[in-house]
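# Commentary on secondary and tertiary structure
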Amino acid sequence: MQTVDYSQELAVIEKGPSLREIDEIISKPLETKPDKKYYLALSITVTMLMIGVVGLGLSFYYGTGLWGNNNPVGWGFPIVNFVFWVGIGHAGTLISAILFLFRQKWRTGIARFAEGMTIFAVMTAGIFPLIHVGRPWLAGYLFPYPNQHSLWVNFSSPLLWDVFAVSTYFTVSLIFWYVGLIPDFATLRDRTANKIKKITYSIFSLGWRHSNRHWQHYEMVYLILAGFATPLVLSVHTIVSFDFAISIIPGWHTTIFPPYFVAGAVFSGFTMVQNVLIFIRKIFNFEHIITLDTLEKMNKIILLTGSMVGYAYAMEFFIAWYSGVQPEQFAFINRAFGPYAWAYWIMVTCNVVFPQLFWIKKIRRTIPVMFAIAVLVNVGMWFERFVITVTSLSRDFLPSSWAYYTPTLTDFAILIGSFGLFFTLMLLFTKTLPVVSIAEVKAVLEDSQPSHKDH
Amino acid sequence: MSEKVLFAITAIFNTPDEIIKAAEKTAENGYKKFDVNTPYPIHGMPNAMKLGRSKLGFAALVFGLSGILAALLMTFWMSAIDYPIIIGGKPYFAFPKYVPIIFEVTVLAASIGTVVTMLFFFFKFPNNSHPLHDSDYMKKVSTEKYGIYIQADDVLFNAEEIKKFLNELGAAEVGEIYWDDDEVSTSPKILEPKFLGFLAVTAIIISGTTYFGLNKLMFMVPFNWMMEQDKALPQETSNIFADGFAMRMPVEGTISRGTIPYPYYGKPELAEKLMINPLDYSEENLALGKKKYDVFCSPCHGYFGEGDSKLRGQYPNPPSIHSEKVRLWSDGRIYHVIAEGQNVMPSYSTQMTREEKWATILYIRALQRALNAKESDL
């Protein structure tokens, strides 16, 4: 077994490549023609995407009656998927902003990629509330704009807060991402010989000259954006949880929801980042940039957030019992032993039991095992949203209105399509933009900073 | 070839230690217009170059505060002034529920504002063409080398001296950069017509698409199944029925619930004699009467019953209801006119309930009394 000496700070980037090598490794995917495997992967994801497009097309044409949503369960798959995808996005901001504030150098190798994931995940998530309103072309009503009805939006509704939170989150993530890309565009601009690429990179690099007068402001902006993105990312899933918590449905109306949702979001986001990174580092030979140590650190965060989520599950039960509120107690017993018990126990095993294996160092450092655990966690986190949304709605206060929710084929088509969209964007991203921040990685190489010998 | 104008003397160094020393020395020697180019930010460089702290934090503060203020005013104006509506029994302006909105708008404004300030104010975007671009120097510093340059327009500039100075610092290479012919100025290009034109076009495109999206696109409904239903609407023709009308008469001999048929069709004398107004003069009854009169009768009879029809001659003007004849009629006789109609005046039996008819009659009496007041009213 490989032993690691934790007493010393590890080099973030292994094997000490030179600065030029870094450029070469990172920009290689952009400069080489995609190979067969890439096209194969792309064809799979595009097929998935097309399945989703068909599902959406049918839903628009015939209406949302094609979905499984029924009378008590008005939220069904669309909201489950929305919460799931927004959650996936959270890891990106956590890595790029929160870990940046904590000065965690190991984030540099994975930050760009995770931020990209944030953007794509939020884009994917955004589809669901729009289609869930049934007539997505009326989505403009979500924003307060002077309209011919001289009506404004309802500022008291958490669904409206969602509109503000998610659109702000998307915009700020995009800006953050782009600001990070500026120096890399400049580096690429100076590398490329291709005319069209040169013009494109020149435009996007905004005349960046790696000037230290600029770097100074640039680092400040980065710090400020990280400072804003940190409370922002916490607010986004808090507000998503308000969609549930502000209502009075048993099982939703709890104060634990905001922290519980945020922890869950980071949890699922990290597993998704970890999953995708395992492929990326292998395919593009980034093993020295995205090291095993980095993956191990991610696994530790997965363990931490997984335990937090497990704690929240237990706490929900405790509060239900302790509060003495009968509907609340019923809601939880119903979750664990009612018609959706199967979903509940999938959720508990995947989210609480499996991540505990990461206490073992060997598992934290074995790629196939951690990959499998992360996939399971993603499944579990999807089921968590399913359990929360569906079990509470399907059996609310009035037994005469109870109903079992069964998703339809169209629901599944749209779910598959969302994965298709996400992974298609991801694949295109790996071939068009540097998936690792060149400038940031260079800055954390050994010997890349002045040694201050003369001080 | 025209004489080229010198932009700066450049020097390339191999290690971060050397460049930071070079920067320190350059600043110590009193050069102001110099810059260091490195592929990534070097710790301690702003100090070495004697640059102050970046002032971007203030920009963030200003934009953040404006965001707070804007969101506060927006929510306040929209929900307490322009369209006050009570939601969930809360006051019109319920601060706590606006906190999420205010927070998000603040973050959005501050982030966009700070980045835009950095680009436009500190980086002087769109200064996209610069003598350094496309030079060998640039290519090196953007990958693996550390470069410094001193500009020719620095007050202390002396080409020979600077070259010597840089060589002494241990530069790996010392070189010169010249202006391209078409870019001999670093003045901000933000006011150039080309750029302003670009901004104007962007603004027009963005506002145009927003307008189109919100005011046109949203109402171009792709499918409108709800509007197209297989049913007959009033006033439409229908080929199911022999008479070609979609609207049907009630089945003969039936009445709708709650209706009491009018018994005196064609017998005004009986109506005059036998019917008594069951309502008495109360404020409510008069208010109801006024409402119904204004709706049903005033188009022809005028608001005060003087026969001043609002139909401008498109319909025969009715006589005044202040005539002696109508004043002396009993309530039942007027009821008869409303229920049956009279010559060109149509019947109102289906439009108004019995109570409404009687209330209208009370109101007519009040109108009549107003024009022909008794002495006791004075």
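Scroll up to find the structure this text is about.
Note on numbering: residues in each chain are counted from 1, in written sequence order. For this description, chains carry letters from A and ligands carry numbers from 1, given in the order in which they are written. Where totals are concerned, whole chains, interfaces and linings use all residues; where local detail is concerned, this predicted model gives features only for residues with pLDDT of at least 70, and gives and counts side-chain atom pairs only at 80 or more. In computing side-chain properties, one takes all heavy atoms of the structure into account and sets aside hydrogens as well as water.

## A few points about the state of the cysteines
What we call a disulfide is simply a covalent bond connecting the sulfur atoms of a pair of cysteines. Residue and element names in this part refer to chain B. The disulfide criterion is simple: two cysteine sulfur atoms within 2.5 Å. Summed over all chains, the structure comprises 0 disulfides over all chains. With no disulfide of its own, cysteine 297 has cysteine 300 as its nearest cysteine by sulfur position, at a separation of 8.8 Å. Residue cysteine 297 is classed as buried on the basis of its relative accessible area of 15%. The buried label applies to any residue whose accessible area, calculated with a 1.4 Å probe on protein chains only, is under 20% of its type's maximum; exposed applies above 50%, and partly exposed to all values in between.

## Looking at the interface of chain A and chain B
Taken residue by residue, the interface counts 70 residues in chain A and 74 residues in chain B. Values labelled buried area give the accessible surface lost by two parts on being combined, using a 1.4 Å probe and summing over both. Of the roughly 6600 Å² buried at the junction of chain A and chain B (both faces included), carbon and sulfur atoms supply 67%. Definition used for salt bridges: Asp or Glu carboxyl oxygen within 4 Å of a side-chain nitrogen of Lys or Arg. Run the count over chain A and chain B and you get 0 salt bridges. Two N or O atoms form a polar contact when they lie within 3.5 Å of each other; inside protein one atom must be a possible hydrogen donor and the other a possible acceptor, and for residues adjacent in sequence the pair counts only when both atoms belong to side chains. Here chain A is connected to chain B by 13 residue pairs in polar contact (both at pLDDT 80 or more). To qualify as a helix, a DSSP run of H or I must reach at least 4 residues; to qualify as a strand, a run of E must reach at least 2; elements of each kind are numbered from the N terminus. Among the secondary structure elements, those contributing two or more residues to the side of chain A that touches chain B are helix 1 (19-31), helix 2 (36-62), helix 5 (158-191), helix 6 (195-205), helix 7 (212-245) and helix 15 (438-443) of chain A. Among the residues forming the side of chain A that touches chain B, the class breakdown is 36 nonpolar, 22 polar and 12 charged. Here, residues are in contact when the closest pair of their heavy atoms is within 4.5 Å. Side-chain classes are defined by residue name, with Ala, Val, Leu, Ile, Met, Phe, Trp, Tyr, Cys and Pro counting as nonpolar, Asp, Glu, Lys and Arg as charged, and the others, Gly among them, as polar.

## Some remarks on the environment of tyrosine 222 of chain A
Within the element layout of this structure, tyrosine 222 of chain A appears in helix 7. Put simply, tyrosine 222 of chain A and leucine 160 of chain A are 62 residues apart on the chain and 29 Å apart in space, counted from C-alpha to C-alpha.

## Let's talk about helix 7 of chain A
Residues and elements named next belong to chain A. For a helix, the expected span equals 1.5 Å multiplied by the residue count minus one. With 34 residues, helix 7 ought to run about 50 Å at 1.5 Å a step, and its terminal C-alpha atoms sit 48 Å apart, in line with that. Counting buried positions along helix 7 gives 27 out of 34 residues, so the element sits mostly inside the fold. A side-chain oxygen of the first residue of helix 7 lies 3.1 Å from the backbone nitrogen of arginine 213; this N-cap is serine 211.

Nothing here speaks to function; it is all geometry.
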